Amino acid sequence: VMDQARREKPVFRDQGAAGAKGASVASRKRNPSADEGVEVGAVVWGRLYLKVPRDEKEEAKAELNARWDADNILWYVDARKVSRTQAQRWLPGS
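Residues numbered from 1 in each chain as written. Predicted model: local features only at pLDDT ≥ 70, side-chain atom pairs only at ≥ 80, totals over all residues. Heavy atoms only, no water.

*Asks:* Would you mind going over the environment of Glu36 with me for this structure?
*Replies:* Topologically, Glu36 is positioned in the loop between helix H1 (2–8) and strand E1 (43–44). Of the residues examined, Glu36 reaches a relative accessible area of 32% and is grouped as partly exposed. With residues up to four places along the chain from it excluded, the contact list for Glu36 reads Arg30, Val44 and Trp45. Of the polar contacts made by the side chain of Glu36, one reaches the side chain of Trp45; its length is 3.3 Å. (Helix = DSSP H or I, 4+ residues; strand = E, 2+ residues; numbered from the N terminus. Buried < 20%, exposed > 50% of the residue type's maximum accessible area, 1.4 Å probe, protein only. Contact = heavy atoms within 4.5 Å. Polar contact = N/O pair within 3.5 Å; in protein donor to acceptor, adjacent residues only side chain to side chain.)

Next comes the structure, spelled out in structure tokens:
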């Protein structure tokens, strides 16, 4: 049965333009840009952007599950899961 299945259905493995080991730059998930309104306190693509000092990053990660956006050099949290009150410490005016 297995031999017959192998003959009837060829194996297709799509590895993309960059092959199996790495993803091409174009296929990587991109971050929103400043043109889309990224700034501290803004919600863009469901992300609430924060200004977290380097010495407080572990605390923001532990308390809010904050993530780093290297393109915009800012921390962000899921705006649906974290309220502005919870993140107030890292928002403007605090």
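*Asks:* Explanation requested: the nonpolar core in the structure shown.
*Replies:* Buried together is how nonpolar side chains tend to be arranged in soluble globular proteins. Grouped together as the largest cluster of nonpolar side chains are twelve residues: Leu48, Leu50, Val52, Ala60, Leu64, Ala66, Trp75, Val77, Val82, Ala87, Trp90 and Leu91. The set of elements that each furnish at least two residues to this core consists of strand E2 (47–50), helix H2 (57–64) and strand E4 (74–78). With residues up to four places along the chain from it excluded, the contact list for Leu91 reads Val40, Gly41, Leu48, Tyr49, Leu50 and Arg84. Counting six residues, the second largest nonpolar core, distinct from the first, contains Val38, Ala42, Val44 and Tyr76. (Core = buried A, V, L, I, M, F, W, Y, C linked by side-chain atoms within 4.5 Å.)

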